[in-house]
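Descriptive analysis of the structure
Here are the chains, one letter per residue:
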Amino acid sequence: MRAANLLLAAALFSGAGMAAAAPAADTILPSSITFATSTGYWEEAKGEIAIERAPGAAQPAAISAEPRHGYYKIFAVRQPDRTSKVYLQQIAQADEGPEVVSTLELHEFTDIKPYVTDIRPENSTGIIKQPGLFATVYLKTDPDAEPDGWTVMIDEFGEITVEKASN
């Protein structure tokens, strides 16, 4: 069941399996996705672009691939036991529309079996001038407790840090 939910979420977030006509509003996002936010910014340098060529082939005279850039998406998927798994996606801005580059389960959350109550970006202006991500995941490990904030950070080098927020 969990694998099916993840595959459905990945298909919906990547745009796979969408019909030509817009789906009904109640089928766009699975009900198991409880919170989601898009935030942050990333870009790859020319040196990070993978160049494929046959072994022994000459170096190309010029690299035609353009560096990709995009944003991050962080979302919570509710599990049958009411706890959540939290995922981080890297989304590329492509001419054809958003494209999922990678999806990563944040095991720091999975390991504590949280009840996620909210996910918020660092700011809601939509203007990110520096590469990286900063978001806060609010969660409970006991359904009757007050929520705690946990920060998810990605630095300009792509290193991910997940830690309990300190106030």
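The preceding data block contains the structure.
Notes on the structure in this doc start here. All of these numbers come straight from a predicted model, not from anything done at the bench. (Residues numbered from 1 in each chain as written. Predicted model: local features only at pLDDT ≥ 70, side-chain atom pairs only at ≥ 80, totals over all residues. Heavy atoms only, no water.)

**Quick word on the side chain of Q89**
To be explicit about the condition: Secondary structure follows DSSP: runs of H or I at least 4 residues long count as helices, runs of E at least 2 residues long count as strands, and numbering of each begins at the N terminus. Two N or O atoms form a polar contact when they lie within 3.5 Å of each other; inside protein one atom must be a possible hydrogen donor and the other a possible acceptor, and for residues adjacent in sequence the pair counts only when both atoms belong to side chains.
Tracing the sequence through the fold places Q89 in strand β3 (residues 84-94). For Q89, the side chain forms a polar contact with the side chain of T103, separated by 3.0 Å.

**Some details on the environment of S166**
The cut-off we apply is this: Only protein chains enter the area calculation, which uses a 1.4 Å probe; residues under 20% of their type maximum are buried, those over 50% are exposed, and those in between are partly exposed.
Tracing the sequence through the fold places S166 in the segment after β8 (160-164). Overall, S166 belongs to the exposed group, its relative accessible area being 71%. Note: C-alpha distance between S166 and W150 (16 residues apart in sequence) is 8.5 Å.

**Digging into the sheet that holds strand β4 (residues 97-105)**
Selection criterion: Strands were regarded as paired on the criterion that DSSP finds at least two bridges between them. Axis definition: a line fitted to C-alpha atoms, limited for helices to the stretch in contact. Angles are taken between N-to-C directions and run from 0 to 180 degrees.
Judged by pairing direction, the sheet is antiparallel, and its four strands sit side by side in the order β1-β2-β3-β4 without closing on themselves. With partners counted over all chains shown, the strands left at the sheet margins are β1 (33-43) and β4, one partner each. Taken over all neighbouring pairs, the strand axes of this sheet differ in orientation by 25° on average, direction set aside. Where β3 and β4 come together, eight bridges link them in antiparallel fashion. In the strand pairing of β4, Q90 is matched with S102.

Everything listed is a geometric property; what it means functionally is a separate question.
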